[in-house]
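# Topology and contacts: notes
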Amino acid sequence: MKTSVLLAFSFVLPLIRAQVPHWGPCPEPDVQPGFSLKQFMGRWFEVARLPAQFEKGRCMETNFTLTTGSTIRVVSSEVFKGQTRKIEGTGVIEDMKNPAKLGISYSYVLPYSPYWILATDYTNTALVYSCTDILRLFHVDFAWILSRTRTLPEATILNAKETFVNNHIDVSRMIDTKQEGCEKYL
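Along every chain, residues carry numbers that run from 1 in the direction the sequence is written. Only residues with pLDDT of 70 or above have their local features reported here, since the model is predicted, and side-chain atom pairs are shown and tallied only from 80 upward, although totals for entire chains, interfaces and linings are computed over all residues. Side-chain metrics rest on all non-hydrogen atoms present in the structure, leaving aside hydrogens and water.

## Comments concerning the environment of isoleucine 87
Assignment of secondary structure puts isoleucine 87 in strand E5 (residues 83–93). By relative accessible area, which is 42% here, isoleucine 87 ends up partly exposed. C-alpha separation for the pair isoleucine 87 and tyrosine 106, spaced 19 residues apart in sequence, amounts to 7.1 Å. Helix and strand assignments follow DSSP, with helices taken as H or I runs no shorter than four residues and strands as E runs no shorter than two, numbered in order from the N terminus. Relative accessibility under 20% of the residue-type maximum defines a buried residue, over 50% an exposed one, and the middle range a partly exposed one, all with a 1.4 Å probe and only protein chains included.

## Description of the nonpolar core
Counting 43 residues, the largest nonpolar core has Phe40, Phe64, Tyr115, Ile145 and Phe164 as the members making the most contacts within it. If you list the elements that add at least two residues to this core, you get helix H2 (37–40), strand E2 (42–49), strand E4 (71–80), strand E6 (101–105), strand E7 (113–120), strand E8 (125–134), strand E9 (138–147) and helix H3 (154–166). Take this core: its biggest share by element is seven residues, from E9. By convention a nonpolar core is built from buried Ala, Val, Leu, Ile, Met, Phe, Trp, Tyr and Cys residues, the set being connected through side-chain atoms within 4.5 Å.

## Overview of the pattern of salt bridges
Should a side-chain nitrogen of Lys or Arg be within 4 Å of a carboxyl oxygen of Asp or Glu, the pair is scored as a salt bridge. Under the counting rule described, the total for this entry stands at seven salt bridges. The partner of arginine 150 in a salt bridge is glutamate 61, and the shortest N-O contact between them spans 3.2 Å. One end of the pair, arginine 150, is in the loop between E9 and H3; the other, glutamate 61, is in strand E3 (residues 58–66), with 89 residues separating them in the sequence. Of the two residues examined, arginine 150 and glutamate 61, each falls in the buried class. Connected via shared salt-bridge partners are Arg43, Glu61, Arg150 and Glu183.

## A look at the confidence of the model for the chain
Detailed reading of the predicted model is not advised wherever pLDDT is low. Scored by pLDDT, the chain has a mean of 88; 89% of the residues are at 70 or more. The score called pLDDT rates the predictor's confidence residue by residue, from a low of 0 to a high of 100. At the level of individual helices and strands, the chain shows its lowest average pLDDT in helix H1 (residues 2–16), which scores 39, and its highest in E2, which scores 98.

## Details of the state of the cysteines
When the sulfur atoms of two cysteines come within 2.5 Å, that pair is taken as a disulfide. A full pass over the atoms with the stated rule returns two disulfides. Covalent S-S linkage joins cysteine 26 and cysteine 131, the inter-sulfur distance amounting to 2.1 Å. Torsion about the S-S bond of the cysteine 26 and cysteine 131 cystine: about -90°, corresponding to left-handed handedness. Pair noted here: cysteine 26 is in the loop between strand E1 (20–23) and H2 and cysteine 131 is in strand E8, with a separation of 105 residues, a long-range link. Summarising the burial analysis for this pair, cysteine 26 and cysteine 131 share the class buried. Here cysteine 59 pairs with cysteine 182 through a disulfide, and the sulfurs are 2.0 Å apart. One quick way to see it: the torsion about the S-S bond of cysteine 59 and cysteine 182 is about -85°, and its sign makes the bridge left-handed. Highlighted residues: cysteine 59 in strand E3 and cysteine 182 in the segment after strand E10 (175–176), separated in sequence by 123 residues. For the pair cysteine 59 and cysteine 182, a shared accessibility class is recorded, and that class is buried. Numbered by position along the chain, the disulfide-linked cysteines of the chain connect as 1-3, 2-4.

## Digging into the layout of surface pockets
A pocket here means an open set of points on a 1 Å grid, computed over the protein atoms alone, that has protein on both sides within 12 Å along at least five of seven lines. A cavity is instead a set of points where a 1.4 Å probe fits but cannot get out; residues with an atom within 4 Å of a point line either one. Grid points are joined across faces, edges and corners, and a volume is the space filled by probe spheres set on the points. Of the pockets and cavities examined, the second largest pocket occupies roughly 190 Å³. In terms of lining, the second largest pocket is formed by Ile72, Arg73, Glu88, Gly89, Thr90, Ser105, Tyr106, Ser107, Tyr108, Leu110 and Tyr112. Of all the secondary structure elements, the ones that give two or more residues to the lining of the second largest pocket are E4 and E5. Under the scheme applied, nonpolar residues are Ala, Val, Leu, Ile, Met, Phe, Trp, Tyr, Cys and Pro; charged residues are Asp, Glu, Lys and Arg; polar residues are all the others, including Gly. Here the lining of the second largest pocket is composed, by residue class, of five nonpolar, four polar and two charged.

Here it is in structure tokens:
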């Protein structure tokens, strides 16, 4: 048993280096009540995030398009070393009784990752959280503050961070996303 835990940890460690690992299982934050997937669709800009190994550039944005009543097309882009990089995925409502708990996958061979909408007003901001348990010993989480515009007032960002903290999500390492000079790339 001890060997299998060490072996599993050695495979997982490279995946979490840039992320924010925490001891124990994932928290269970409250999500947006009465969430409307249709209203959430469209273009969202990333204003701030917890560090993520898969996000290295700037000008992060994601466009959500409804394909069926419970499935969405997800196209995320960033500018990295002067080049625009895009990745396409699929999102699904995993439980129709709780539509704010989406799952998103950017590969046919990987399972859906949690993509939970904690709060949104649909027209200005959205707070998104994702967390994966690793053997229930620790978890790796991601958090994003999204906006329909490339910037938000500082007071809005502080309120967003407070919402995460109130849901037992550590955002002390959250970083601002650089959104300057993006128009020439996207």
